[in-house]
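# Structural overview
Listed here are the chains, written in short residue letters.
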Protein chains: 2
Amino acid sequence: MRIITISREFGSGGRTVGKQVAESLGIRYYDKELVKEVAAQTGFQESFVEEHGEHAPAKNWLSYVLALNGQSSSGMSANDLIWAVQRQVILEIAEEGPCVIVGRCADYVLRERDDCLNVFIHADKDVRAERIVRLYGMSDKAPVKRLEDKDKKRALFYKHHTGRDWGMAQNYHISLDSGVIGIEKCGEIISDLYRC
Amino acid sequence: MRIITISREFGSGGRTVGKQVAESLGIRYYDKELVKEVAAQTGFQESFVEEHGEHAPAKNWLSYVLALNGQSSSGMSANDLIWAVQRQVILEIAEEGPCVIVGRCADYVLRERDDCLNVFIHADKDVRAERIVRLYGMSDKAPVKRLEDKDKKRALFYKHHTGRDWGMAQNYHISLDSGVIGIEKCGEIISDLYRC
């Protein structure tokens with residue numbers, strides 16, 4: 001194994017697990033760095049890339065699906081462009097050497113490689129709701145509603161680009177409930193597996 | 001954690017993982033023993049209980065769903081009876097002390113307890129096909145077709161009795177790909193987690 005991809009439910013601590021694993025193994029970590037690179041190559045703002053690189057738009061999911069499935073008269077849409085550049089950046093990062101890549105369907109983008117350990121981190125809604133309020137503060141929306149919206153948007157994005165159902169255990173080599181197992185222990189299990 | 005439930009795809013080696021974990025931890029193991037108990041209490045043959053305790057019938061799944069959702073004029077169907085007795089046996093086993101329970105929706109039956117570690121073992125079809133031919137020999141049906149039929153029947157049974165989608169990572173605390181990770185290593189990870 002050379003590369004670890006980490007997919008995660010919003011608020012599950014998957015990003016923290018990824019950082020811990022990368023530090024423990026002494027390999028590179030890609031999350032914001034990947035967003036920066038895609039932003040630089042496409043000219044979009046980082047916040048736009050971050051949102052559109054793994055989420056269906058907030059409003060009107062049906063029209064999003066219809067638009068993405070149809071042919072736009074002006075050629076490539078912003079979403080298509082971000083997907084294409086992001087895919088290329090992930091493929092190049094993987095070529096450069098051992099690393100951890102968080103999110104952005106990296107598990108699917110790198111599916112032809114046989115040196116990836118694909119991880120999924122999830123947790124119960126209560127645990128995640130408590131965590132996002134602690135980390136990001138309150139917002140107008142109730143925390144559980146925020147989670148559900150984000151989960152739906154990630155699932156739709158994943159389904160559209162990969163044809164797979166998001167969260168199916170069969171898409172990953174290991175899936176862990178960080179709420180029950182603990183974020184630190186999740187990191188230890190993954191690092192240990194990578195070393196084997 | 002006192003109890004480990006292991007759900008598994010057919011041919012993934014989940015049963016072997018379960019046995020190894022139970023031996024390593026020195027706790028009881030329930031698989032055939034559970035079937036025997038349900039057979040004794042219902043009067044059905046063990047092979048009938050084994051099949052109907054976690055699979056929708058082979059033929060005509062639609063009529064199975066319709067029949068189970070409808071009210072039978074003669075009261076409880078054979079499937080309902082097996083489900084009810086099996087559920088009760090699982091609840092009693094869990095009360096008796098630490099153990100490993102393989103299959104039979106034990107994760108769902110014991111969902112009210114907070115001392116269960118729920119595990120899902122899966123593997124790619126090629127790996128499982130090779131394994132079932134090695135262990136159980138060839139049959140008239142192609143091995144991949146056998147897997148797919150069995151997977152479908154388990155998924156339908158699980159959906160019917162639990163309302164959940166079978167194989168979703170969120171239903172389990174840990175899900176492992178035994179084809180990539182190896183059966184023995186899966187057992188080690190689970191035993192280690194139980195000891196924590």
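Residues numbered from 1 in each chain as written. Chains lettered and ligands numbered in written order. Predicted model: local features only at pLDDT ≥ 70, side-chain atom pairs only at ≥ 80, totals over all residues. Heavy atoms only, no water.

## Looking at the interface of chain B and chain A
With 22 residues of chain B at the interface, the matching set in chain A holds 22 residues. When chain B packs against chain A, close to 1,800 Å² is buried across both sides, 63% of that on carbon and sulfur atoms. Our count for the chain B to chain A interface comes out at 2 salt bridges. Among the ionic pairs, lysine 185 of chain A bridges to aspartate 192 of chain B, the shortest N-O distance being 2.9 Å. Where chain B touches chain A, the interface holds 11 residue pairs in polar contact (both at pLDDT 80 or more). Counting only elements with at least two residues in the side of chain B that touches chain A, the list comes to β4 (116–122), β5 (174–177), α9 (178–181) and α10 (183–195) of chain B. Here the residues of the side of chain B that touches chain A are counted per class, giving 13 nonpolar, 5 polar and 4 charged. Here strand β5 (residues 174–177) of chain A pairs with β5 of chain B via 3 bridges, running antiparallel. Within β5 of chain B, the residue paired with isoleucine 174 of chain A across the bridge is leucine 176 of chain B. (Contact = heavy atoms within 4.5 Å. Buried area = accessible area lost by both parts, 1.4 Å probe. Salt bridge = Lys/Arg side-chain N within 4 Å of Asp/Glu carboxyl O. Polar contact = N/O pair within 3.5 Å; in protein donor to acceptor, adjacent residues only side chain to side chain. Helix = DSSP H or I, 4+ residues; strand = E, 2+ residues; numbered from the N terminus. Nonpolar A, V, L, I, M, F, W, Y, C, P; charged D, E, K, R; others polar. Pairing = 2+ DSSP bridges.)

## Some thoughts on the packing of aromatic side chains
One pass over the structure, following the stated rule, counts 10 aromatic pairs over all chains. Here phenylalanine 10 of chain B and tyrosine 136 of chain B contribute two aromatic rings whose centre-to-centre distance is 6.0 Å and whose plane-to-plane angle is 5 degrees, an arrangement assigned as stacked. Residue phenylalanine 10 of chain B is found in the loop between β1 (3–8) and α1 (14–25), and its partner tyrosine 136 of chain B is found in helix α7 (residues 125–136); the two are separated by 126 residues along the sequence. Take phenylalanine 10 of chain B: its relative accessible area is 13%, and that puts it in the buried class. Following the ring pairs from residue to residue traces out a cluster consisting of Phe120, Trp166 and Tyr172 of chain A. Arginine 111 of chain A extends its terminal NZ or CZ atom over the ring of tyrosine 108 of chain A, reaching a point 3.9 Å from the ring centre. Positioned over the ring face of phenylalanine 10 of chain A is lysine 150 of chain A, at 4.7 Å from the centre of the ring. (Phe/Tyr/Trp six-rings, centres within 6.5 Å; stacked < 30°, edge-to-face > 60°. Buried < 20%, exposed > 50% of the residue type's maximum accessible area, 1.4 Å probe, protein only. Lys NZ or Arg CZ within 6 Å of the ring centre and 35° of its normal.)

## What about the relation of the copies chain B and chain A?
Each copy of the sequence occupies a distinct position, and chain B is placed on chain A by a rotation of 180 degrees and an axial shift of 0.0 Å, giving an RMSD of 0.0 Å. Considering both components of the superposition, the chain copies are consistent with a two-fold axis. Take the interface residues of chain B: 100% of them recur as interface residues in chain A, which is what a same-surface contact looks like. (Least-squares fit on C-alpha atoms with pLDDT ≥ 70 in both.)

## Description of helix α8 (residues 143–162) of chain B
Note: α-helices contain 3.6 residues per turn, so residues at a spacing of three or four share the same orientation. Residue and element names in this part refer to chain B. For α8, spanning 20 residues, the distance from its first C-alpha to its last is 28 Å, which sits close to the expected 28 Å at 1.5 Å a residue. Those residues of α8 lying buried are Pro143, Arg146, Leu147, Asp149, Asp151, Lys153, Arg154, Phe157, Tyr158, His161 and Thr162. With its phi angle positive at about 75 degrees, glycine 163 sits one or two positions after the end of α8. (Expected span 1.5 Å × (residues − 1).)

## A closer look at the state of the cysteines
Per the stated rule, a full pass over the model turns up 0 disulfides over all chains. This cysteine, cysteine 116 of chain A, is not joined by any disulfide, and cysteine 99 of chain A carries the nearest cysteine sulfur, 8.2 Å off. The thiol of cysteine 105 of chain B is not disulfide-bonded; the next cysteine sulfur, from cysteine 116 of chain B, is found 14 Å away. Residue classification places cysteine 105 of chain B among the buried positions, given a relative accessible area of 7%. (Disulfide = S-S within 2.5 Å.)

## Overview of unusual backbone geometry
At cysteine 105 of chain A, a residue that is not glycine, the phi angle is positive and equals roughly 55 degrees. Relative to the helices and strands, cysteine 105 of chain A resides in the loop between β3 (99–102) and α6 (106–109).

## Concerning the confidence of the model for chain A
Looking at chain A as a whole, the pLDDT averages 89, with 91% of positions reaching at least 70. Per the prediction output, this complex has pTM 0.89; the corresponding ipTM is 0.88. (pLDDT = per-residue confidence, 0-100.)

## Re the pairing of β1 of chain B
Residue and element names in this part refer to chain B. Along β1, 6 of the 6 residues are buried, which leaves the element largely enclosed by surrounding structure. Along β1, one buried face is formed by Ile3, Thr5 and Ser7 and the opposite face, lined by Ile4, Ile6 and Arg8, is buried too. Judged from the 4 bridges that link them, β1 and strand β3 (residues 99–102) form a sheet pairing that is parallel. Bridge pairing in β3 places isoleucine 3 opposite cysteine 99. As paired elements, β1 and β4 share 6 bridges and run parallel to each other. Along β4, the bridge assignment pairs isoleucine 6 with valine 119.

## Observations concerning the pairing of β3 of chain B
Put simply, side chains in a regular strand alternate between the two faces of the sheet. Residue and element names in this part refer to chain B. Of the two faces of β3, both are covered, the one formed by Cys99 and Ile101 as well as the one formed by Val100 and Val102. Pairing of strand β2 (residues 28–30) with β3 involves 3 bridges; the strand directions are parallel. Across the sheet, residue tyrosine 30 finds its bridge partner in β3, namely isoleucine 101.

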